[in-house]
Amino acid sequence: MSRASSAALALATTLLATACATGGVATDPAKSTSVDVDVPSIRHPAGETPQWWFRDGAAQAAQRGAMGGHAKNVILFVGDGMSLTTVAAARILDGQRKGGPGENNRLSWENFPATALSKTYNTDSQTPDSAGTMSAMATGVKTRAGVLSIGQQPMRRDCAGAQAVPMLTLWELAASRGFATGVVTTTRVTHATPGATFTHVPERNWENDTELSDEARQAGCIDIARQLVETRFGNGPDVLMGGGRKNFMPVSERDPEYDDKVGERLDGRDLVAQWKQRHPSGTYVWNAQQLADAPASGPLLGLFEPDHMQFTADRPRDGAGEPTLAEMTRTAIARLKQNDKGFVLLVEGGRIDHAHHYGNAYRALTDTIALSEAVQAAVDATSAQDTLILVTADHSHTLSFVGYPKRGNPILDKVRGSSGEDDGNGNYALDQLGLPYTTLSYSNGPGYVGASAQQPEGPKRFQHTVSGVQIPKNGRPDLRNVDTQDPDYLQEALVPTAAESHGGDDVGIWASGPGSDAVRGSVEQNTIFHFLLQSMPALRAELCKAGDCDGNGVPVTLPEPGKFRQ
């Protein structure tokens, strides 16, 4: 027998033995590291507690094999309000902008190997908000709508109750143990999603001191901006970038970009100055050029607008200049990587949600594409060997993708094709009134075609602040001569509401890097915290040192924040 034949026989024998050992099925690396965690059976919702949520989330991640991950760094990308419909429509728009039909295009995270579905409900609401959902991802514990990183026991705005049940966040754990942490967003940094990383309040709108109730002040509650700067978990975020300057500035200080604006704090605190004092080697910037010129190391605070940052579509018109989400992501990673222990980073495409609330698909989709570019920037700036990247949304929206448009039909245009499952002729598909309609529409929102106190009957335009709505006298408008691809066109809405609402349907999770094999199936949203934590051995070991792990090293006991404050 020749050497080649012997080698082939040996290989065949090895493959046969492997097939026999595995029943002929390829071994799943996540299953090989699966760990079972006992979770007590409870009656829902009466039996739900923070401790139960934490253990149940830990069990879902461990059973799927997250303990097998060996990530040094973790990055969580949140597309606020990025429903699966939003992803599909943005994918097509991105592809069509590149000259293709669009449907076969992929956003950056759609190249990731692992996917799952996230169940987003809050403990008190089928359709959730961003505060309760990000709190679940930040703490491993589901909670109420409208609150940030506290347990579900107290009602919303119950200051005293909230102070009794703060939930330790992944960012606080990391910062308290010497890991680098970062928070990047296109919203105000005090908004719900970024706020959940380092603050604990029973009311998401307590962004500065003027928004606290007298009762809350008397009970000792502190606004979100102050908590971000004064956090006792390490030195807080090493990188904090987004909008929201007004919440850090006293009313006596004029905004550096807009002559007609001043800070909103009435307590006299200059939180930017306070941050600089706490971070003497840090850099504060408020425009894109300052960010580009900033030193390459040290803590960084970037507040690029008094309020939210501009939508991607509107950023070119910003006088002072704002960085893109991708630029902020690259900057954050470059700084955080300098910490040898590793880092935990949040990057939020927060204005996707706002555009949906405005009923404006164009801005929602272009901000989704910007998030895709930021994710790609993170992929390019990190190694798949040591960095887990997880992309998800906090909740859905009511955007619908309807009709039977022909392949390549512009996603923001009217349907050319058919209204049924028959062959379309390529002309406008017509409703039962003989009128064309757009591929994208909303179930509710300011795009309702009846007259309002602000705009006449017919198609509506961005930005439409709605009041005084009337039933349309002429029914649906004829859109044949309406440019529905105009960036300011508002898609039609079935139900007239002041703002389009969130949706209660599941959202996607996409993951790449060490530990990503565990991201599969349908999971409760708080499991995302446990995917991240369990995939980062050095960080979960800190909870084990505190006595919060079981015999297999799985963090299963709700951490006591006091053990990690400094």
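Just so it is clear, the structure is predicted and the values come from calculations on it, not from any experiment.

Trainee: Just to check I follow, could you spell out the pattern of salt bridges for this structure?
Mentor: Where charged atoms from two side chains of opposite charge approach closely, those side chains can pair. Following the criterion strictly, the structure yields 34 salt bridges and no others. Between arginine 91 and glutamate 110 there is a salt bridge, with the nearest N and O atoms lying 2.5 Å from each other. You can see arginine 91 sitting in helix H4 (residues 84-97) and its partner glutamate 110 sitting in the loop between H4 and strand E2 (114-119), a full 19 residues away along the chain. Since its relative accessible area comes to 21%, arginine 91 is described here as partly exposed.

Trainee: In this structure, what is going on with the nonpolar core? I would like to understand it.
Mentor: If you look at soluble globular proteins, the nonpolar side chains tend to sit buried side by side. One finds Leu76, Met134, Leu170, Trp171, Phe248, Leu390 and Leu539 to be the most contacted residues of the largest nonpolar core, which totals 70 residues. Residues in contact with leucine 539, not counting those within four places in the same chain, are Leu170, Leu173, Ala174, Phe179, Val344 and Leu533. Listed in part, the 56 residues of the second largest apolar core include Met309, Met328, Val347 and Val507.

Trainee: Where do I start with the state of the cysteines in this structure?
Mentor: One pass over the full model with this rule turns up two disulfides. Here cysteine 159 engages in a disulfide with cysteine 221; their sulfurs sit 2.0 Å apart. Judged by the sign of its S-S torsion, about 120°, the cystine formed by cysteine 159 and cysteine 221 is right-handed. Placement of cysteine 159 in helix H6 (residues 159-163) and of cysteine 221 in the loop between helix H9 (214-218) and helix H10 (224-230) is noted, with a sequence separation of 62 residues between them. Look at cysteine 159 and you get buried, because its relative accessible area is 4%. The disulfide that involves cysteine 544 links it to cysteine 549, with 2.1 Å between the sulfurs. Around the S-S axis, the bridge from cysteine 544 to cysteine 549 shows a dihedral of about -90° and counts as left-handed. For cysteine 544, a relative accessible area of 31% corresponds to the partly exposed category. Look at the chain and number its bonded cysteines as they come in the sequence; the links are 1-2, 3-4.

Trainee: Just checking my understanding: could you explain the sheet that holds strand E6 (residues 300-303) for this structure?
Mentor: Each strand in a sheet pairs with its neighbour through backbone hydrogen bonds, running either in the same direction (parallel) or in the opposite one (antiparallel). Ordered by their spatial adjacency, ten strands build an open sheet running E5-E6-E4-E3-E7-E1-E8-E18-E2-E19, and the pairing between neighbours is mixed. The open sheet is flanked by strand E5 (283-285) and strand E19 (522-524), the only strands paired with a single partner. Between one strand and the next, the sheet's axes are offset by a mean angle of 15°, whatever the strand orientation. The sheet contact formed by E2 and E19 spans three bridges and is parallel.

Trainee: So what exactly am I meant to see when it comes to the sheet that holds strand E13 (residues 440-445) here?
Mentor: Reading across from one edge, E10-E13-E16 is the order of the three strands in this open sheet, with mixed pairing throughout. Whereas interior strands pair on both sides, the edge strands pair on one side only; in this sheet they are strand E10 (399-401) and strand E16 (493-496). Across the sheet, the axes of successive neighbouring strands diverge by a mean angle of 20°, strand direction being ignored. By the bridge criterion, three bridges tie E10 to E13 in an arrangement that is antiparallel. Paired with serine 400 across the strands is serine 441, a residue of E13. Across the sheet, H4 is in contact with E10 and E13; its angle to E10 comes to roughly 60°.

Trainee: Please clarify how the packing of aromatic side chains should be interpreted in this entry.
Mentor: Two numbers describe a pair of aromatic rings. These are the distance of the centres and the angle of the planes. Under the definition given, this model contains seven aromatic pairs. On the numbers, 6.1 Å between centres and 50° between planes, the contact of tryptophan 109 with tryptophan 510 is tilted. Taken as a pair, tryptophan 109 in the loop between H4 and E2 and tryptophan 510 in strand E18 (residues 507-512) lie far apart in primary sequence, 401 residues in all. Assigned by exposure class, tryptophan 109 and tryptophan 510 land together as buried. Seen in terms of ring centroids, phenylalanine 311 and phenylalanine 462 are 6.2 Å apart; in terms of plane orientation they differ by 80°. Their pairing is edge-to-face. Residue phenylalanine 311 is found in the loop between E6 and helix H13 (325-336), and its partner phenylalanine 462 is found in the loop between strand E14 (460-461) and strand E15 (489-490); the two are separated by 151 residues along the sequence. Each member of the pair, phenylalanine 311 as well as phenylalanine 462, is classed as buried. A cation over an aromatic ring shows up here: arginine 351 above the ring of phenylalanine 311, its NZ or CZ 3.9 Å from the ring centre. Sitting over the ring of phenylalanine 462, arginine 363 keeps its end group 3.8 Å from the ring centre.

Trainee: Hey, could you run me through the side chain of threonine 186 in this one?
Mentor: Considering the arrangement of structural elements, one finds threonine 186 in strand E3 (residues 180-188). Judged by relative accessible area, which is 4%, threonine 186 ranks as buried. Within the structure, the side chain of threonine 186 is placed 2.9 Å from the backbone nitrogen of glycine 350, a separation counted as a polar contact. Apart from the residues lying within four places of it in its own chain, the contact partners of threonine 186 are His308, Met309, Leu325, Met328, Glu348, Gly349, Gly350 and Arg351.

Trainee: What is the right way to look at a nonpolar patch on the surface in this model?
Mentor: On the surface, a cluster of nonpolar side chains totalling about 260 Å² of accessible area is made up of Val251, Val262 and Leu266. With respect to the helices and strands, the residue leucine 266 is situated in the loop between strand E4 (239-243) and helix H11 (271-278). Looking at leucine 266, the relative accessible area reads 63%, which means it is exposed.

Trainee: In this structure, what is going on with the packing of H4 against helix H15 (residues 361-381)? I would like to understand it.
Mentor: The geometry of H4 relative to H15 is characterised by a closest axis approach of 9 Å and an angle of 80° between their N-to-C directions. When the axis of H4 is compared with that of H15, the two are roughly perpendicular. Where H4 approaches H15, its residues Thr86, Ala89, Ala90, Leu93, Asp94 and Arg97 are matched on the opposing element by Tyr362, Leu365, Thr366, Thr368 and Ile369. Grouping the constituent residues of the contact of H4 with H15 by class yields six nonpolar, three polar and two charged.

Trainee: I'm lost on helix H16 (residues 527-534) in this one. Help?
Mentor: Owing to its 3.6 residues per turn, the α-helix aligns residues three or four sequence positions apart on the same side. Of all eight residues in H16, eight are buried, a share of seventy percent or more. Of all the residues in H16, the buried ones are Thr527, Ile528, Phe529, His530, Phe531, Leu532, Leu533 and Gln534.

Trainee: How should the confidence of the model for the chain be read in this particular structure?
Mentor: The predicted coordinates of low-pLDDT regions are not to be read in fine detail. When the pLDDT values of the chain are averaged, the result is 94; 94% of them are 70 or greater. Contacts of residues 1-27 to residues separated by more than four positions or lying in other chains number four contacts, the stretch itself having pLDDT below 50.

Trainee: Where do I start with H11 in this structure?
Mentor: All buried positions along H11 are accounted for by Leu271, Val272 and Trp275. With its buried residues spanning 105° around the axis, H11 presents them on a single face. Considering only its buried residues, H11 is in contact with H10, E5 and E6. Measuring from the side-chain oxygen of the N-cap residue of H11 to the backbone nitrogen of valine 272 gives 3.2 Å; that N-cap residue is aspartate 270.

About the cut-offs
- Residues take numbers from 1 onward in each chain, read along the sequence in its written order.
- Totals for whole chains, interfaces and linings use every residue, but because this is a predicted model, local features are given only for residues with pLDDT of at least 70 and side-chain atom pairs only at 80 or more, for both listing and counting.
- With hydrogens and water excluded, all non-hydrogen atoms of the structure serve as input to the side-chain values.
- For this document, the term salt bridge refers to a Lys or Arg side-chain nitrogen within 4 Å of an Asp or Glu carboxyl oxygen.
- Numbering goes from the N terminus for both helices and strands, where a helix is a DSSP run of H or I of at least four residues and a strand is a run of E of at least two.
- Each residue's exposure class comes from its accessible area (1.4 Å probe, protein chains only) as a fraction of the maximum for that residue type: buried when under 20%, exposed when over 50%, partly exposed otherwise.
- Residues grouped as a nonpolar core are buried Ala, Val, Leu, Ile, Met, Phe, Trp, Tyr and Cys residues, joined through side-chain atoms within 4.5 Å.
- By definition, residues are in contact when any of their heavy atoms lie within 4.5 Å.
- When two cysteine sulfur atoms lie within 2.5 Å, the pair is treated as a disulfide.
- When DSSP finds two or more bridges between a pair of strands, those strands are recorded as paired.
- As a rule, the C-alpha atoms of each element are fitted with a line to give its axis, helices using only the stretch in contact, and angles between N-to-C directions run from 0 to 180 degrees.
- Stacked, tilted and edge-to-face pairs are distinguished by plane angle, under 30 degrees for stacked and over 60 for edge-to-face with tilted covering the rest, among Phe, Tyr and Trp rings (Trp via its six-membered ring) whose centres lie within 6.5 Å.
- Should the NZ of a Lys or the CZ of an Arg lie within 6 Å of a ring centre and within 35 degrees of the ring normal, that charge is described as sitting over the ring.
- A 3.5 Å cut-off defines polar contacts: any pair of N or O atoms within that distance qualifies, except that in protein one atom must be a possible hydrogen donor and the other a possible acceptor, and neighbouring residues in sequence count only when both atoms are side-chain atoms.
- Residues with no salt bridge and a relative accessible area higher than 30% make up the patches, which join like charges within 9 Å and nonpolar side chains (Val, Leu, Ile, Met, Phe, Trp, Tyr) within 5 Å.
- Methods summary: accessible areas were calculated by the Shrake-Rupley approach with a probe of 1.4 Å, and residue burial reflects only the protein chains presented.
- Note on angle classes: values under 35 degrees are labelled roughly parallel, values over 145 roughly antiparallel, values of 65 to 115 roughly perpendicular, and the remainder oblique.
- Only Asp, Glu, Lys and Arg are considered charged, only Ala, Val, Leu, Ile, Met, Phe, Trp, Tyr, Cys and Pro nonpolar, and every remaining residue, Gly among them, polar.
- The predictor's confidence in any single residue is recorded as pLDDT, a number from 0 to 100.
- The arc in question is the one traced by the directions running from the helix axis out to the C-beta atoms.

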